[in-house]
Every structure is written in C-alpha cells, then in structure tokens.
Amino acid sequence: MTNKTVNTHQTTLLRLRNAEHVEFHSEITDHVEPIKAKFVEIAPLWEGYHSLFLTEYEIFKRDSMSVETKFITGLGRTRIDAFMSVKLTIEAAGYSLLEGYKEASVLLSEVLHNYRAIMTANLPETSALVRNMLDDIKAPRYEKSVETLKLSVAIDKLKEVNDKFVSMYIERSESLEASTVQGTMGNIRPKVDKAFEAFVVGVEALYTLNKVSGYAVIMNDAAALIDFINGVIDQSKRVLERRTPGTPTGNKKPGGDDDDDQDTIPLPLAPTLVISHQEVYGAERMFLAPADQRALEKALYPEAEGGVMKLTADDIHDTYNEFPITQFEMEDGKPVGFIVAPPHDGLIFDWPLKILGPANAEIFKDGVLLAILEDVVWPIYFWE
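Please read these numbers as outputs of a predicted model, since none were measured by experiment.

How would you sum up the packing of aromatic side chains? Please name residues and give values.
Using the criterion set out here, one finds 11 aromatic pairs in the structure. Ring geometry for Trp46 and Tyr49: centres 5.7 Å apart, planes at 75°, overall edge-to-face. Of this pair, Trp46 and Tyr49 are both found in helix α3 (residues 43-64), 3 residues apart, which corresponds to roughly one turn of the helix. Each member of the pair, Trp46 as well as Tyr49, carries the same accessibility label: buried. An aromatic cluster of three or more residues is present, and its members are Phe24, Trp46, Tyr49, Phe196 and Phe199.

Listed below in structure tokens is the structure:
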C-alpha cells in the first residue's frame, strides 16, 4: 500500500480570494477541532495553525463588517435625507400662493446656492459644508424666512444628524487606525498558509510513522484526515476552474482581484475618481457623482456613455458585475455624474440604496479602461 499524502495546494491557496481563503481554512479547522485529541502527537502544529487562522478570521470579519459600511448605509443616507428636507421645502415655497412664501424661498435660495456642492462633495467636505450652511441660515438676515417656512425643526434635525455623522467619522478613523495594528489579510494569509503546511507535513508524518509501526487506529485516523483535506483542496480547485473568462485566477498578491486582461490600458495610466454620492433612482437607474466634476468631464464625458462600470470585491462573487452606463446627469451644461442600469435584463435595483459592501470599480468602454473609481459600494439587486 502506497503512502497517503496531501494533494498539491500551495498555488491554489495563493489564487483564492479572501472570502474563499477563509472558507477553505474554516472547513479544515471546523472539522479538526472536535477531533484534535486523536492527533496529540502534533498538537503544537495544530494549535499554531488554528490560532493564526482565528486571527485571519477576525481580520476578515472586521473588514467585511467595518464601521465604514455602517456609516455609508446609516447616517450617510439619513444626512442626505435631512438636507433634502430643508432644500425641497425652500424650493417648493417658490411655487406657493401663501403670503410671504415666495419671498422667503428667494431669500433662502441664496444659502442653497452657496452650498450646492453638498450633494457631490466628499464625506469630510460635506460635514464642513453642512455645518457652515447651518451657521449661515441662522443669521438674522434669514430669521424671518425660516420662521415663515417653519424650517426650524428640519434645520435642527439636519444639525443633529450631521453631528452624529462627524462622530461616526471619527469612530471610523479610529477603527482604521486600530486595524493597522491588528494587521491585514495580505499579511496574515501567508502566515496561515505556512502554518497549515507545517500541520499537513505533521499529519503525513503521523500517518507514515504509524503505518510503519503497525498502529492501525492512529494510521486510519490520519488517513481519514488526509482524505478530508484533499477533498477541501479539490473543492477549491473546482471553484477556481469554474470562474468565467475575464475573472482573475492568477493574482500576484494573495486575495487580489486584479484583471489580467491584455486588452485594457494598464491601471496606472487610468485616472482615479472618488465617488462622493451614490444613490438609486427607482428600479433601473443608479446615480454616481464624483467629488471632482472637472475630473469626471475630462476622464469620462462623453466617452463613457455606452460603456460599463465593472465591480469586484473579495467577498462578493457575482456573475452579474458589469453595470451599463446609460447617460450623464447634467447641470448648467456640465456633467455632474452618471447613471448606470442593472447588470442584466430582468434585474432591478433595491430602493432606497441598500448595499452588499465596499467594491472596487472600473469604467470600461470597448475594452479600454477609462477610469478607476473609489468609495463605491455594491448595490443590492434582484430578479423582477
């Protein structure tokens, strides 16, 4: 009878995305932990591997459920709603037949005009703009108009939400600072894989030693564990083989999602745009606005219309990840953002914007990479 060995797996582990890597080691550790007493001879190897994987799991969970996601889905949306409540009340008053309403609308529109960048500014800039706007609107010049339109409650609510938002932003910054101490997936994955390799060598040695010594019970336990590990390895290899063309399988960095497509311009040549506002307008339209509108015009307008926004993420693996760019939103003859449709006919967006998590985003047109987007989130969509 030939010796049992664990299948070749080093390259497979390197190619797995972060979520797949965590799943691989979860299956191994969930299986072994309840039966580890059978393998006391290699207990130090097991404990070293298991301890490192628990650290990886905590880092992955931290990244997947970060404060950033909480703040995008929670107070970020609430703050925009609170601002729109003030803005729309002022604008609607311009059509009112009630005495003094039109005059109040005209006067308060001065404030709205001065702070029109609130909808497209990046997150910290929005906080400062809202705070300054609230200071201005409480000036004596606008006091009577605020009273006429009964805006005091809405203004107080906007201040409350903005203050909470600023506190959460500070919390997020502290969380990100703490995460640099805990480590990253890119740092922990090689350590976990190395500890797993040492454990595998120990299991193989345990099997061989007990086979030679004639201890059938321990030999059979080790053989069963080798078979189980090989099954998990084979399953991961099938995951990689099933990936569709264009989906990355040979990343240079552990867990990376970089495309190997030879038809695209190298990434460093493409400009990066920071998305400051993302919103779903009904079932079939999602709006994205960069903080720098000049950069938007230079990089994407009008060339990107008819192209696609492609999303990728470590822990989201969806076949439908290309969102057609249908049009640009214009203001005063200038593009302020663009609209994308759901990634397939029959799919619709969940409204209001609900997200799966942060995403990497790239804009392509005819196979050419036009721009890289930052601060994009992956929207939830479903079959109509």
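From this point on, the discussion continues.
Can you explain the pairing of strand β5 (residues 334-340)? Please cite residues and give values.
Summarising burial for β5: 6 of the 7 residues are buried, a large majority. Bridging between strand β2 (residues 286-290) and β5 involves 3 bridges; their strand directions are antiparallel. The partner of Met286 across the bridge, within β5, is Val340. Here 6 bridges tie strand β4 (residues 322-331) to β5, and the two strands are oriented antiparallel to one another.

Can you explain the pattern of salt bridges? Please cite residues and give values.
Following the criterion strictly, the structure yields 11 salt bridges and no others. Here Glu33 makes a salt bridge to Lys36, at a shortest N to O gap of 2.9 Å. On the basis of relative accessible area, Lys36 is assigned to the partly exposed category, the value being 32%. Ionic pairing is found between Lys36 and Glu47, a salt bridge with its closest N-O pair at 3.5 Å. Here the residue Lys36 occupies a position in the loop between α2 (18-32) and α3, and Glu47 occupies one in helix α3, the gap between them amounting to 11 residues. When its relative accessible area of 37% is taken as the criterion, Glu47 is described as partly exposed. Within the structure, one salt-bridge network assembled from shared partners comprises Glu33, Lys36 and Glu47.

For the environment of Ala313, give the residues involved together with the corresponding values.
Following the sequence through the fold, Ala313 ends up in the loop between β3 (308-312) and β4. For the pair Ala313 and Asn360, spaced 47 residues apart in sequence, the C-alpha separation works out to 6.0 Å.

Cut-offs and rules
Residues numbered from 1 in each chain as written. Predicted model: local features only at pLDDT ≥ 70, side-chain atom pairs only at ≥ 80, totals over all residues. Heavy atoms only, no water. Phe/Tyr/Trp six-rings, centres within 6.5 Å; stacked < 30°, edge-to-face > 60°. Helix = DSSP H or I, 4+ residues; strand = E, 2+ residues; numbered from the N terminus. Buried < 20%, exposed > 50% of the residue type's maximum accessible area, 1.4 Å probe, protein only. Pairing = 2+ DSSP bridges. Salt bridge = Lys/Arg side-chain N within 4 Å of Asp/Glu carboxyl O.

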